[in-house]
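Below, each chain spelled out in residue letters.
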Amino acid sequence: METNKLKEILATLTVAEKVGQLAQVTPDFFGKSGEITGPMAQWSMSEEQLYQIGSVLGTHRAEEVQKIQTEYLAHSRHKIPLLFMADVIHGYETIFPIPLAMAASFDPLLIEKTAAAAATEAAAEGIHVTFSPMADYVKDPRWGRVLESNGEDPRLSKVLTESYVKGYQGTDLAKNPQHVAACVKHFIGYGAAEGGRDYNTVDISDVEMYQNYLPAFQGAIDQDVKLVMTSFNSLRGIPVTGNKELVTTVLRQHLDFDGVLISDWAAVAELINHRVAADRKEAAAKAFKATVDIDMMTDSYLQELAKIVAEEDALAQLDEAVWRVLKLKNDLGLFENPYRGMDTKVDTTSLKQLSYQAAIQSAVLLKNEQVLPLKTTENILLVGSKAVTKDVLGAWSWIGDPEKATSLADGMSTRFPQLEVLTVEEASDRSLISTALQKADKVVIAVGETSEEAGEAASRADLHLTDSEKELIEVIHQQKAAAILVTFSGRPLILTDVADKVAAIITAWFLGTETGSALAALLSGAENFSGHLPMSFPRSVGQLPYSYQEMSTGRPQTQANQQEKYTSRYLDEENGPLYPFGHGLSYSEFSFSQLTLSQQQLTEGQTLTVQVTVTNTSQTAGFVLPQLYFQDEVTEVIRPKLELLKWQQVFLAAGEATTITFEIAATELAYVHADLHRRTDPGRFRLFLAKSARELVAESVFEIV
Ligand code: NOJ
C-alpha cells in the first residue's frame, strides 16, 4: 500500500483504536462471544477493545490464524489485519540445532539457510513475525539462555545475527510471503544478569555496552531488522523497558532504529515489580516514553495509554508508535493479503536434510585419543540418560515433535549392527554393566541436560554432570573400557572431573530433529567433525563469568611468574578454561604455514592482505577453520589480549594444500574509546593465526601509521 494511503488509515483511527494497535493478546482471547471469561475477564477487556487489538502471540496452525483473522476483520471497524507473532528460534516444525550449537559451525551461510527454512515453515502456518535472533552478548553459562546466543565472541555473534535476519526476512517481505519479519532481542544487557541468574539485575559500563553488547544489534539493524525487543533487566538502576534516556539515545539515535520496539513478555507491568512504577499507569507511561511501541502480554497500554496521552498531550507520540506498527503490517503486505504466507509449499524432505547438515556442522569433537571413528564391525555399548531419549530438540521447539526426532540409539542402531543399549536402570546394575562392558570393544556414554534444564528460567549454579552420571563414568573407567562421552546441553558444561576418565568427548548440544542420525554418522566417520566451540568450557564455576577475551591487567599471570603470589590468579584453579573458544577437532590433521603480510605498515584507509597455506596432512578429507586473532599493543582503554578478527572454513581433500587470504581493513581493528567512539588507533598490532583461542600457530606484526 502507498504511504499516503497508510497515512490516511492512521488519520481515521480513534485514540482507542490507536492504543489497540499497540496491544497484544494470545489466541485464546478470540472465539468467545456473550459472556466474557478467561484471560479477557482478568484483563477487564471489552469486546470492542478486542477488535481493536493489533497483534496476537502464539498461534500454532494456519487454520487457527485464518479463523482469528477472519473473525477479527469481520468485527473490526477499521479492518486493519492482525499481526501474528511467535518464537521461531531454531526451527518451527523441523527443528535445527539450538543457536549456540549452530554458532559452532562458524558458518554464516548455513545459519541464513536454516533461518530461511524456519521462516518458510512458520509463514505457511500464518506467522508474520519471529522473536529471533537473540543477539545478547554472553559470557556466563550459568545463565540458561546462552542456549539461544551465538556464543561469547561479539564479532562472531554480529556476523551470525546478520545471517539470521537475512534468512528470516529475505529481500522483500511483501513480495516474498514465505519470509517473516525478524525481531532482534533483548535490548540490552540481558546476558549480564548478576550471578548468571535469569531476570536478575545488570550493571555494565558504557564502554562495555558499546564495545560488546551493541555490535550484534547494530548488525541486525543494518540488515533492516523490523523489530527490536526490550529486555526484562534493569541496567544501571533503571529497567530498560522504562528507560527513556537509554532507549532513545542508544537504540533510536545511536543505532538508528526506526522500526517497531516491543517489550518482552509482561515487561511493562513488571516495572511495578522492579518498584520503579507505582501502578500500571505509571508503568505504561514510562514504557511509552521510552518508545516501546507494543506492550507484549499485559493490558497496561490497553487500559492506561489513552488517559496518559490525553493528560500529557502526547497524541503525536502515539501516532508515531502506531505508524511504526502500521508500517510493519504494510511492509509484510498484510493489507493486500491478511492471510499471507499460508499457501507456502514446504519441502519437508529438504528441510530435514538441512537439519541433518546443520547438526553435522554443530557437533564439536573436544577430545579424541584415537578411539574415534568407531568401526561399524565393533561391539559398541551405548549407555546413559541421553542414550535413548528423544528429548534432543532443545528449549525452543514448542511445535517440533520429539517423536519425529532421532535419538542417539535410533541413529546408532542403523550404523552399528553390534550395538547394545542399556537403559539408565540397567546400567545402574553393576553386574549387568560389567557383563556388557566385557563384551564391548568401545562404550558410548550419553549424558547431559534435559531441555527443561537449559533455556529461559533455567539458570544453574552447578554445571557439572550429575552424581549418577559421574558414577557411571567412573564404573566404566575402572573397567578400563575405551569410552566416548557424548554430552547434551544448552550451555558449556564443566567436565574437568571427568575429561581424563574418557578417551573421547563430543559436545552434542541439542542438535534438533536429526540428532541421532547426525551423531551416528559422525561417530562412524561417515561424516567428519568441523564444529568449533563458540563459548569456552570453563574448568570451574568459580571462573564465571568467563570469556577468552581476557582483559589485560596490572598484574598478569605469565608463564614465568606462575609461583608468584601477587598476580591475577586463583589459588585453587587455573585461569584458563578446560576447552577454549574456537577449539574443535576433526578426523583430519592440518598444518599451517607462517603468515605472509602484504605490507608491514598501513594507513587508516588501507587494507592489509594476509595469506597462509594450510595443508591437510592426514588421509581423511575434512574442513579446517583457520582463525585469525589480533592484539592492539597499546590502547586508550584496556582491551583483550586476544580478539577474533577473521575465520574461514576450508575443505581439503587428504594431502591437499591451499593458500587462503584474509583481507583486513584498518577500520576493522577499531575499538570503543572512553568517549564512546569506535576508531582505530595508530600503533603496533600483533596478528595470530590459531586453531583456537589457546592454540596459536603463527604470529606476525604490523603497524598502522
Ligand atoms: C520471553 C522471552 O524472554 C522472549 O525471548 C520471548 O520472545 C518472549 N517471552 C515471547 O515468548
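Residues numbered from 1 in each chain as written. Predicted model: local features only at pLDDT ≥ 70, side-chain atom pairs only at ≥ 80, totals over all residues. Heavy atoms only, no water.

Chemist: What am I meant to see in the packing of helix α1 (residues 3-12) against helix α15 (residues 315-331) here?
Modeler: The interhelical angle for the contact between α1 and α15, taken along N-to-C directions, is 130 degrees, at an axis separation of 10 Å. By the criterion of interaxial angle, the relationship of α1 to α15 is oblique. Note that α1 runs across α15; the crossing there is right-handed. Mapping the contact onto sequence places Thr-3, Leu-6, Lys-7 and Leu-10 in α1 and Asp-319, Val-322, Trp-323, Leu-326, Lys-327 and Asn-330 in α15. (Axes fitted to C-alpha atoms, helices over the stretch in contact; angles between N-to-C directions. Helix = DSSP H or I, 4+ residues; strand = E, 2+ residues; numbered from the N terminus. Parallel < 35°, antiparallel > 145°, perpendicular 65-115°, else oblique. Left-handed = near helix turned anticlockwise from the far one by under 90°. Contact = heavy atoms within 4.5 Å.)

Chemist: Even after reading the chapter, I still don't get unusual backbone geometry, so can you show me in this structure?
Modeler: Here the amide bond leading from Phe-187 into Ile-188 is cis, since omega sits at 0 degrees, within 30 degrees of zero. Within the secondary structure, Ile-188 is located in the loop between β5 (181-187) and α9 (206-213). Cis geometry is adopted by the peptide bond preceding Pro-373, which originates at Leu-372 and carries an omega value of -5 degrees. If you trace the backbone, Pro-373 turns up in the loop between β10 (364-368) and β11 (380-383). Although it is not a glycine, Arg-236 adopts a positive phi angle of roughly 50 degrees. Positive phi values are uncommon outside glycine, yet Asp-313 reaches one of about 55 degrees.

Chemist: Can you walk me through the sheet that holds β5 in this structure?
Modeler: Sheets are built from strands paired through backbone hydrogen bonds, the pairs being either parallel or antiparallel. In space, the seven strands of this open sheet follow the order β1-β2-β3-β4-β5-β6-β9, with parallel pairing throughout. Unpaired on one side and paired on the other, β1 (24-25) and β9 (260-262) mark the two borders of the sheet. Relative to β5, strand β4 (residues 129-130) is paired through two bridges, and the arrangement is parallel. Residue pairing across strands places Thr-130 opposite Ala-182, the latter belonging to β5. Packing of helix α11 (residues 244-254) onto the sheet brings it into contact with β5, β6 (227-230) and β9, and relative to β5 it is tilted by some 135 degrees. (Pairing = 2+ DSSP bridges.)

Chemist: Would you mind going over the nonpolar core with me for this structure?
Modeler: One broad trend across soluble globular proteins is that nonpolar side chains are buried collectively. In this structure, Phe-30, Phe-187 and Met-209 are the most contacted members of the largest nonpolar core, which totals 130 residues. Among the elements that line this core, the one with the most residues is helix α7 (residues 108-124), at eight residues. A domain split of this core shows at least three residues from each of domain 1 (352-543) and domain 2 (588-704). Apart from the residues within four sequence positions on either side, Met-209 is in contact with Ile-188, Ile-204, Leu-214, Pro-215, Leu-235, Leu-246 and Val-250. Ranked by size, the runner-up nonpolar core spans 86 residues in total, among them Leu-372, Ala-446, Ala-504 and Ala-520. (Core = buried A, V, L, I, M, F, W, Y, C linked by side-chain atoms within 4.5 Å. Buried < 20%, exposed > 50% of the residue type's maximum accessible area, 1.4 Å probe, protein only. Domains from an automatic or database assignment.)

Chemist: Please clarify how the UniProt feature "domain: Fibronectin type III-like" (unreviewed entry) in the protein chain should be interpreted in this entry.
Modeler: Mapped onto this numbering, the UniProt entry gives "domain: Fibronectin type III-like" (unreviewed entry) at residues 624-693. Each end of residues 624-693 is marked by a C-alpha atom, and these two atoms are 15 Å apart; helix forms 0% of the span and strand 51%. (UniProt positions renumbered as here; feature names shortened; annotations may be inferred.)

Chemist: Explain the layout of surface pockets to me, please; I cannot follow it from the model alone.
Modeler: Over the atoms, a rolling probe the size of a water molecule traces out where space has been left empty. By volume, the largest pocket is sized at about 1,300 Å³. Every residue lining the largest pocket is counted, 38 residues in all, and those nearest its centre are Tyr-546, Glu-550, Asn-575, Gly-576 and Lys-641. Listing elements by their share of the lining of the largest pocket, those giving two or more residues are α9 and β27 (683-690). In terms of residue count, the dominant contributor to the lining of the largest pocket is α9 (three residues). Taken as a whole, the second largest pocket holds about 630 Å³ of empty space. For the second largest pocket, the lining is made up of 30 residues, of which Arg-155, Lys-158, Pro-215, Glu-668 and Arg-678 are closest to its centre. (1 Å grid on protein atoms, 1.4 Å probe; cavity = no way out; pocket = protein on both sides within 12 Å on 5 of 7 lines; lining within 4 Å. Points joined across faces, edges and corners; volume = space filled by probe spheres on them.)

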